Amino acid sequence: MSWSLIEVEALAKKAAKGAGYSWGEAEDAARAVRWLEARGLGGAAALAAHLTGGGKGSCPIWKGIAVSDGVEDATTVDPDTLDQPLLFLPFADWAGAGQETAQRMGITICDAQVRSYTDTGTMNVLGKFAHKTYAPSTEESRTLGAGAGLSDND
Amino acid sequence: MLAQTAIPPRHPDVVMKLARMGSFHQSRLSFMRVLLRRMKDEIWRFDRPVFDVDAKGVGVAVYSAHGPDRSYSLIAFAHDLPPDMRSDRVIATAWDATFTLFDGVPTQADIERLAANVPLQEAGRVSEKELSVSRANRSVRLWEYVVDTLSKGQQPDAAKIADVGYLMRTTAVYGSGKLGAADRELTCDRPEFLAPFQIEMLSVFLTRNFVMDMVEHIAQMRAPDTAVKMVPDLRRGFGIGNSTGLGMAPYLINHPVLLNNWITARETALARVRSVGQAKLETIAEFKTLVKRAIKSAEIWHSEHPIQVRKLADLRGDLGKLQDWISENDLTEDQPWNRLWLWAEEALTLEGQEQLFSLLLEPHGALIDDLGNTMHADETPAALIDGRMSLEQLKTQTKLVHGWAITTDWSQRSADENVWYTSEEKLEPRLGSRYEEDLEPYELPLCPARDAARMYADILTSDAETVGGFLQQHPEHRHIARRVQIAGRFPYAEIRDNTVSDKVLPIDLLRAKLAMFGATYFDPRSDRWVRINMFQHAPLPDEFATSDADGWTLPSLEEDLK
């Protein structure tokens, strides 16, 4: 099964938010996942593993943001000190240090994919985190939330 | 870059207000207008390679459109829907008909694969060979009447058709990678899909053809000996209806660069027309006819919703005043359209001003139609935050874009009464009360003005030098900092209004977007969902070659018919 890149990006954004990142951070995490998936690199799986936790090292998203925002220099970051360092790569690229960071990580960047081939298990993990951003459905919400108004079957 | 005009475009503080956006009308730059002009110019051909539908109206049909380089096909699945399952809401799970727009002409294997998925809509999966997924429900009011009339060998009554205006209404048209369909990036370099929403508009245009064939087919199956086809003049009177709810509302907020480019095209068009020094006599004559046709359109435009009832009264009054002004004033010399516009800004309500906007664009195709190719956007580069920008500059930009919001008292309940959220129930987008329901933890970032005011307060007490440094201290402002930077570069990117106040009308957001699509006859059914009509009176594919691609959006005058 394959996914459109926007599907993976949209789910990744909600998953990151559901896991506790701010909306703005989640947007960048999701853009990073899309960037990786579009190059055949397992961005969605890396995010799923990072959000699930248990990994060692600093947060690759926070570190990535510091680098792409110009607060830290990409070349001073040792990818080995990061959890799921793959997620850091797009941020380094946005800071103009993509190639050399990829080299240090032993990754070749190719620009080819138009689809994501993430496995369903990974998408389900992201889906569980994303679910935390959805409000439970109540009768009040069902009736009022989308606008009762006049009949929709006429 | 667009060339400067003698009269500058309107200021974003004037344009980007919900009340004005909620008064937008379709225009020459609307996406369905752009699509029809292109298909006409390029002499697109249309055919129907498959029509396999039984007497109960169950089956499959394929409608293909052939452009100069590529073909596209609407694959339509017709169903037998029990009436109690018919609902236009997102939470519905079955429909009268379901569709996908296929990239090319499908094989039997493609159709079989899609037959297992498209009828399920959100619960199914499509592939990169599909460009959109959509569904439609019959109008209970009109469908049976038309089938019955045709099956008896009679033509339906024109007034009854006009009363509803469509036989089916779409309840969602998903494009751009939804449900596994092709990402927009896969097709956006094709000239036919450069302008926004061309895939969705093509899908709806072909859906209209399918619906007309279906109603005639079912009448024929019911009474093979007596049934007749509909005459072309009546056929053209059917558009495709649409029910749109909150799902569409966040779109304009979530795509700031795209919104900017749409509004820039519109405002540039108006500025060009206002800058015309002398008007040609034939343009003046055409404009005067258009005003008469707009008066007729406002007369047949009905709604039961009190807000729209009032707006329609405004519109009818405004068009009367407009009629008087153009008969009393010279329109040839001295920037006539600008003089008219300046008068209208003082004399007309928003509904009338925005109708005039559309009427002024209409006879000026040669002057403005090129702008149809400037409304797309690659939003990727703009999404990157410039962390090296000085915090002082971010502060200045925030004040410039959200000045009013900074001075608003956000502790008042009236200012932030509403929460935009996604329900876990089929992920339906909804709006609820911050103070009556436990929704705030699920709030979507769809209130830029409030968020900007919060960020501004924290900027004032921050010792950071740069935006990047500030966002290390305040990661919660990352979303709005990005928006403010975008709005600094793209003047029409941000709605400069309160999208969560107790007075917010989501239908304003819906109308702005639907008018950009080219929708007509807005009929709000509550403050958060609206019915519209699409392609009503547009030529059908089989008469495309001999018809005008423009000029159909307003009703013709009776004297034209004689």
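Our structure's up above, just so we're on the same page.
Residues numbered from 1 in each chain as written. Chains lettered and ligands numbered in written order. Predicted model: local features only at pLDDT ≥ 70, side-chain atom pairs only at ≥ 80, totals over all residues.

### Focus: helix α10 (residues 256-274) of chain B
Residues spaced three or four apart along an α-helix point in a common direction, a consequence of the helix completing one turn every 3.6 residues.
In step 1: If you check α10 of chain B, its first and last C-alpha atoms are 26 Å apart, about what 19 residues at 1.5 Å a residue would give, namely 27 Å.
In step 2: When you tally the buried positions in α10 of chain B, you get 18 out of 19 residues, the bulk of the element. (Helix = DSSP H or I, 4+ residues; strand = E, 2+ residues; numbered from the N terminus. Expected span 1.5 Å × (residues − 1). Buried ≥ 20, exposed ≤ 12 C-beta atoms within 10 Å, placed from the backbone.)

### A few points about the interface of chain B and chain A
In step 1: At the interface, 53 residues of chain B touch 39 residues of chain A.
In step 2: Listed by contribution, the elements that provide at least two residues to the side of chain B that touches chain A are α5 (140-151), β8 (418-422), β9 (429-433), α18 (467-473) and α19 (478-489) of chain B.
In step 3: Of the residues belonging to the side of chain B that touches chain A, the class tally is 18 nonpolar, 15 polar and 20 charged. (Contact = placed C-beta atoms within 7 Å. Nonpolar A, V, L, I, M, F, W, Y, C, P; charged D, E, K, R; others polar.)

### Digging into the sheet that holds strand β7 (residues 239-244) of chain B
In a beta sheet, neighbouring strands pair by backbone hydrogen bonds and run either parallel or antiparallel.
Residue and element names in this part refer to chain B.
In step 1: The sheet built from nine strands is open, its strands ordered β1-β2-β3-β4-β5-β6-β7-β11-β10 with mixed pairing. Across the chains shown, the open sheet's two edge strands, defined by having one partner strand only, are β1 (45-53) and β10 (520-524). If you compare each strand with its neighbour and ignore which way they point, the axes differ by 25° on average.
In step 2: Bridge analysis of strand β5 (residues 130-138) against strand β6 (residues 166-174) gives six bridges, and the strand direction is antiparallel. Within the sheet, the bridge partner assigned to R135 lies in β6 and is A172.
In step 3: Docked against the sheet, helix α7 (residues 198-222) engages β1, β2 (59-66), β3 (71-78), β4 (97-103), β5, β6, β7 and β11 (530-534), running at close to 145° with respect to β6. (Pairing = 2+ DSSP bridges. Axes fitted to C-alpha atoms, helices over the stretch in contact; angles between N-to-C directions.)

### Description of the environment of L36 of chain A
Residues and elements named next belong to chain A.
In step 1: The topology assignment puts L36 in helix α2 (residues 23-37).
In step 2: Looking at L36, the number of C-beta atoms within 10 Å reads 26, which means it is buried.
In step 3: Remark: the alpha-carbon pair of L36 and T138, spanning 102 residues in sequence, is separated by 38 Å.
In step 4: With sequence-adjacent residues up to four places away left out, L36 is seen in contact with L41, G42, G43, L86, L89 and P90.

### Brief notes about the nonpolar core
In step 1: Judged by nonpolar contacts, the single largest core of 161 residues is most densely connected at F31, L35, A76, L167, M201, L202 and V215 of chain B.
In step 2: With 13 residues, the top contributor of residues to this core is α7 of chain B.
In step 3: If you count residues domain by domain, this core takes at least three from each of domain 1 (42-245) and domain 2 (381-489) of chain B.
In step 4: If we skip the residues at most four places from it in the chain, L35 of chain B touches Q198, M201, L202 and F205 of chain B.
In step 5: Listed in part, the 44 residues of the second largest apolar core include Y21, A32, V33 and V67 of chain A. (Core = buried A, V, L, I, M, F, W, Y, C linked by C-beta atoms within 7 Å. Domains from an automatic or database assignment.)

### What to know about helix α17 (residues 448-460) of chain B
All names here are of chain B.
In step 1: Spanning 13 residues, α17 covers 18 Å between terminal C-alpha atoms, matching the ideal 18 Å at 1.5 Å per step.
In step 2: The set of residues buried in α17 consists of P448, A449, R450, D451, A452, A453, M455, Y456 and I459.
In step 3: Looking at the packing, one finds that the buried side of α17 touches α9 (249-254), α16 (391-406), α18 and α19.

### Considering the packing of helix α12 (residues 306-328) of chain B against helix α14 (residues 350-361) of chain B
All names here are of chain B.
In step 1: Interhelical geometry of α12 versus α14 gives an angle of 55° and a closest axis separation of 8 Å. Classified by the interaxial angle, the pair formed by α12 and α14 is oblique. The two elements α12 and α14 meet at a crossing, and its hand is right-handed. Contacts from K311, D314, L315, D318, L319 and L322 of α12 reach α14 at E351, G352, Q355 and L356.
In step 2: Of the residues assigned to the contact of α12 with α14, the class counts are four nonpolar, two polar and four charged. (Parallel < 35°, antiparallel > 145°, perpendicular 65-115°, else oblique. Left-handed = near helix turned anticlockwise from the far one by under 90°.)

So yeah, pure geometry; function would need other evidence.
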